Amino acid sequence: DAMVIQNPRYQVTQFGKPVTLSCSQTLNHNVMYWYQQKSSQAPKLLFHYYDKDFNNEADTPDNFQSRRPNTSFCFLDIRSPGLGDAAMYLCATSRDLVSGEIGEQYFGPGTRLTVT
Amino acid sequence: AQSVTQLDSHVSVSEGTPVLLRCNYSSSYSPSLFWYVQHPNKGLQLLLKYTSAATLVKGINGFEAEFKKSETSFHLTKPSAHMSDAAEYFCVVSGSQAGTALIFGKGTTLSVSS
């Protein structure tokens, strides 16, 4: 089945120790997104890739970076995690529609990051 | 600018009774509207979407939503709640401009009691 896969599902890192979360997709969608979701809150968009074009949200801290080496894979790098970065990180994909709109987003299961 | 307001942060129903989750939107474009569901510690699953076709949209698991332009609403309903429906529900709006990301409501927690 075509899907969005996130690894690992649970990640524990130490304060200040760099960590990378990964996302892969078999949907062949050209748009990929990273969201941060804290407890009892809506997902917050960090950035997205439209093909190879990187689009950073204005309020995303510099501590968060992303890489998309090819269509299928996208990585979230947190350079120096703080306690406030503990959250669920969601990857999503979508594709262009003929009308020029962006179609619905398909979400992975998420990676829950704990910072100790 | 686009925005979405979920009018209830928490809705409680009994199993077998109707569900109504309310959502109002604001959009300067012809909107696409979505409802997503999130079970604890899981990703988001698309329940249904409206993209300017039929105003009454049927989704998975017996849910449906009606787009009412005059009221700028997109309420989610289900005739009979099931225990497995207990989850967080997000109403989402997307613009028609290419590259526009989703705008999420703050979510409604649905509790279902037996």
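A brief report on the enclosed structure follows.

What follows concerns the interface of chain A and chain B. Counting residues at the interface gives 21 residues for chain A and 22 residues for chain B. Summing the contributions of chain A and of chain B, the shared interface buries around 1,700 Å²; its carbon and sulfur component is 55%. Applying the counting rule to chain A against chain B returns 1 salt bridge. Its salt-bridge partner being Lys49 of chain B, residue Glu104 of chain A comes within 2.8 Å of it at the nearest N-O pair. At the junction of chain A with chain B, the criterion picks out 5 residue pairs in polar contact (both at pLDDT 80 or more). Partitioning the side of chain A that touches chain B into residue classes produces 11 nonpolar, 6 polar and 4 charged.

Here the focus is the pattern of salt bridges. Applying the stated criterion across every chain, the model contains 6 salt bridges over all chains. With a shortest N-O distance of 3.4 Å, Asp59 of chain A and Lys44 of chain A are connected by a salt bridge. Taken together, the residues Asp59 of chain A in the loop between strand E6 (53-56) and strand E7 (64-67) and Lys44 of chain A in strand E5 (residues 44-50) connect sequence positions 15 residues apart. Arg22 of chain B is paired through a salt bridge with Asp8 of chain B; the nearest N and O atoms lie 3.0 Å apart. Here Asp8 of chain B lies in the loop between strand E1 (3-6) and strand E2 (10-14) and Arg22 of chain B lies in the loop between strand E3 (19-21) and strand E4 (23-26), a separation of 14 residues in the sequence. With relative accessibility at 31%, the residue Arg22 of chain B sits in the partly exposed group.

Rules used throughout
- Residues numbered from 1 in each chain as written.
- Chains lettered and ligands numbered in written order.
- Predicted model: local features only at pLDDT ≥ 70, side-chain atom pairs only at ≥ 80, totals over all residues.
- Heavy atoms only, no water.
- Contact = heavy atoms within 4.5 Å.
- Buried area = accessible area lost by both parts, 1.4 Å probe.
- Salt bridge = Lys/Arg side-chain N within 4 Å of Asp/Glu carboxyl O.
- Polar contact = N/O pair within 3.5 Å; in protein donor to acceptor, adjacent residues only side chain to side chain.
- Nonpolar A, V, L, I, M, F, W, Y, C, P; charged D, E, K, R; others polar.
- Helix = DSSP H or I, 4+ residues; strand = E, 2+ residues; numbered from the N terminus.
- Buried < 20%, exposed > 50% of the residue type's maximum accessible area, 1.4 Å probe, protein only.

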